[in-house]
Amino acid sequence: GKGEYDHFMLKEIYEQPTALAQALEGRIDPENGRIALENFEPGTFADISSVQFVACGTSYHAALYGSLALKQAGVQSTALLANEYSVSAPPIGDDTLVVAVTQSGETADTLNAMRHAKAEGASTVTVTNVVGSTAAREADEALFIRAGPEIGVAATKTFSSQAVMLTLLGQRIAADLQGEVPANLESLLPELEAMPDSLEALLEQSDAEAIAERYENSQSYFFIGRGLGFPVALEGALKFKEITYEHAEGFASGELKHGPLALVTPDTPVFAVFNGVEDEKTLKNAEEAQTRGAPVVAVCPDGHRAVDIADAHLAIPETEPDLAGLLANVQLQLVSYYAADLLDRPIDKPRNLAKSVTVE
Ligand code: M6R
């Protein structure tokens, strides 16, 4: 049941420290600077030449996160919407690794993309939450995120766990391909290990409810981020529209001035995600919106320069750039939740949506 929580979504948001601890259990070894993934011996990925991630919705945002992290580690990779895959897949060969990211393991679009890739000769891995799901049975290998059951239609803890699992998988792939562990692994491992505690700290003192109240009655809600902050901006907007029924959009920070800025008014708060990568540029993009009257909510650590300039602040603990977006995302989940609650929406079962979409 929901226990002390009004909704499963809130319960599941608060379960994220535990979910992440479970995802990491036995898989990272900061002392020896290693990542160990049960089914993947070192060398497994040595013959892969490119990685394609396929997924839908929130899982697609996790896939985009994983794909960007892998690219940063020097591996050719791309994230594709599973429902576009049959018309837009790049060339597939027996040296292609296709990673199907699906919480339920039952999403028809994602299963079809994976089947297509398999038929073309690719190796397949699924990153999923459900043991015994169709994706887990059909993929060559399955990596389980161990998030525990997610009842709310809005995916929350599974996004965080998927993104963390994809970070681990990406590090393993990069190590095999490059014959040495990626340069950032040493600093990443202790921060990964600290993620459950960082999340706990964030959840204990989030101002998300006050921010949701402050910007209630806005016309549209915009989310911006760059690099790994971009999928977080997309995810922030998807969650917001899904459960509040209000208009929300996510953009790459630098895209704002290429069109969306025309929509910006004092009634369109802009949530800006700062993850320590070209933050000055994102700040400039946010200020361009602020000049047009839009309130800017900076999602960043205390003491960050953006805090002085923004109209409001959602704090995240200090961490590695590869993980900061995941902390920011949790603040945005909370904003969506409280905004939907103020509007009295049926948070766990938004209209027109199903937890798992088993039709094309
Ligand atoms: O089970 P899956 O991860 O394959 O589901 C994919 C999407 O349908 C899902 O993430 C959807 O976008 C969520 N309801 C968003 O919160």
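Residue positions are given per chain, counted from 1 along the sequence in the order it is written. This being a predicted model, a pLDDT of at least 70 is required before a residue's local features are given, and a value of 80 or more before pairs of side-chain atoms are given or counted; all residues contribute to the totals for chains, interfaces and linings. With hydrogens and water excluded, all non-hydrogen atoms of the structure serve as input to the side-chain values.

Draft legend 1. Examining the overall build of the chain more closely. Where helices and strands are cited, they refer to DSSP runs of H or I of at least four residues and of E of at least two residues respectively, numbered from the N terminus. For the chain, the helix and strand inventory stands at 13 helices and 12 strands. For the radius of gyration, the atoms used are the C-alpha atoms, and the globule rule reads 2.2 Å times the number of residues raised to 0.38. Here the C-alpha atoms of the chain give a radius of gyration of 19 Å, agreeing with the 21 Å that 2.2 N^0.38 yields for 360 residues. Each of the three principal axes of the chain carries a C-alpha extent, and together these read 55 × 40 × 40 Å. Burial analysis of the chain (360 residues in total) assigns 57% to the buried set. Note that accessible areas follow from Shrake-Rupley with a 1.4 Å probe, and for residues the cover is restricted to the protein chains shown. For the chain, the accessible surface area stands at approximately 14300 Å², while carbon and sulfur atoms represent 47% of it. Counting rule for charge: Lys and Arg are taken as positive, Asp and Glu as negative, and neither His nor the chain ends is counted. Just so you know, the charge point we use is NZ for Lys, CZ for Arg, CG for Asp and CD for Glu. Mean positive and mean negative side-chain charge positions of the chain (24 and 53 charges, respectively) differ by 5 Å. Categorising residues by exposure relies on relative accessible area from a 1.4 Å probe, with only protein chains included: less than 20% of the type maximum marks a residue as buried, more than 50% marks it as exposed, and the intermediate range marks it as partly exposed.

Draft legend 2. Quick peek at the packing of helix α7 (residues 157–178) against helix α8 (residues 185–204). To get an axis, a line is fitted to the C-alpha atoms, and for a helix only the part in contact is used. The angle between two axes follows their N-to-C directions and goes from 0 to 180 degrees. The interhelical angle for the contact between α7 and α8, taken along N-to-C directions, is 155°, at an axis separation of 12 Å. In terms of their interaxial angle, α7 and α8 are classed as roughly antiparallel. The interaxial crossing formed by α7 with α8 has left-handed handedness. Of the residues in α8, those in contact with Val164, Thr167, Leu168 and Gln171 of α7 are Leu185, Leu188 and Leu192. Put simply, angles under 35 degrees are roughly parallel, angles over 145 are roughly antiparallel, angles from 65 to 115 are roughly perpendicular, and the rest are oblique. Two helices crossing with the near one rotated counterclockwise from the far one by less than a right angle form a left-handed crossing, whereas a clockwise rotation gives a right-handed crossing. Whether two residues are in contact is decided by their heavy atoms, any of which lying within 4.5 Å being enough.

Draft legend 3. Region of interest: the site of the ligand. In the vicinity of the ligand, 13 residues are found, and the nearest of them are Ser59, Thr102, Ser104, Thr107 and Glu242. Polar contact is the term for a pair of N or O atoms within 3.5 Å; when the atoms are in protein, one must be able to donate a hydrogen and the other to accept it, and sequence-neighboring residues count only if both atoms are side-chain atoms. Within the side chain of serine 59, an N or O atom sits 2.5 Å from an oxygen atom of the ligand. A distance of 2.9 Å is found between an oxygen atom of the ligand and a backbone nitrogen or oxygen belonging to alanine 155. Considering the ligand on its own, with 410 Å² of exposed area, one finds that the protein chains cover 90% of that surface. Cavities and pockets were defined on a 1 Å grid built from protein atoms only: a cavity is a group of points that admits a 1.4 Å probe but offers it no way out, a pocket is an open group of points flanked by protein on both sides within 12 Å along at least five of seven lines, and a lining residue is one with an atom within 4 Å of any such point. Whether a molecule sits in a cavity or pocket is decided by its atoms, more than half of which must lie within 2 Å of the grid points. More than half of the atoms belonging to the ligand lie within 2 Å of the grid points that define the largest pocket. Elements represented by at least two residues in the shell around the ligand include exactly α3 (57–72) and α10 (229–244). Looking at which element gives the most residues to the shell around the ligand, the answer is α3, with 3 residues. Residues are grouped as follows: Ala, Val, Leu, Ile, Met, Phe, Trp, Tyr, Cys and Pro are nonpolar; Asp, Glu, Lys and Arg are charged; all remaining types, including Gly, are polar. Of the residues assigned to the shell around the ligand, the class counts are 4 nonpolar, 7 polar and 2 charged. Here a residue is near a molecule or strand as soon as one of its heavy atoms is found within 4 Å of it.

Draft legend 4. Local environment of the pattern of salt bridges. Salt bridge, as used here: a side-chain nitrogen of Lys or Arg that lies within 4 Å of a carboxyl oxygen of Asp or Glu. Throughout the structure, instances matching the rule amount to 14 salt bridges. Lysine 118 is the salt-bridge partner of aspartate 140, the closest N and O atoms lying 3.6 Å from each other. With a gap of 22 residues between them, aspartate 140 in the loop between α6 (134–138) and β7 (141–144) and lysine 118 in helix α5 (residues 108–119) connect regions that are remote in the sequence. Relative accessible area serves as the criterion here: at 41%, aspartate 140 is assigned to the partly exposed category. With a relative accessible area of 37%, lysine 118 lands in the partly exposed category. Two residues, glutamate 280 and arginine 305, come together in a salt bridge whose shortest N-O distance is 3.3 Å.

Draft legend 5. Geometry of the side chain of asparagine 275. Its place among the elements puts asparagine 275 in the loop between β10 (270–273) and α11 (279–291). Of the polar contacts made by the side chain of asparagine 275, one reaches the backbone oxygen of arginine 226; its length is 3.5 Å. Apart from residues no more than four positions distant in its own chain, asparagine 275 is found in contact with Arg226, Leu228, Gly229, Pro321, Ala324 and Gly325.

Draft legend 6. Local environment of the sheet that holds β7. Sheet architecture is open: 5 strands sit in the order β4-β3-β5-β6-β7, paired in parallel fashion. Of all the strands in the sheet, the pair left with one neighbour each is β4 (77–81) and β7. Between one strand and the next, the sheet's axes are offset by a mean angle of 20°, whatever the strand orientation. Of the strand pairs in this sheet, strand β3 (residues 50–55) and β4 are connected by 5 bridges, and their pairing is parallel. Within the sheet, the bridge partner assigned to valine 54 lies in β4 and is leucine 80. In this fold α5 packs onto β3, β5 (96–102) and β6 (123–128), with an angle of close to 165° to the strand it touches most, β5. Across the sheet, α7 touches β3, β5, β6 and β7, and the angle it forms with β5 is around 165°. Strand pairing is assigned whenever DSSP identifies at least 2 bridges connecting the two strands.

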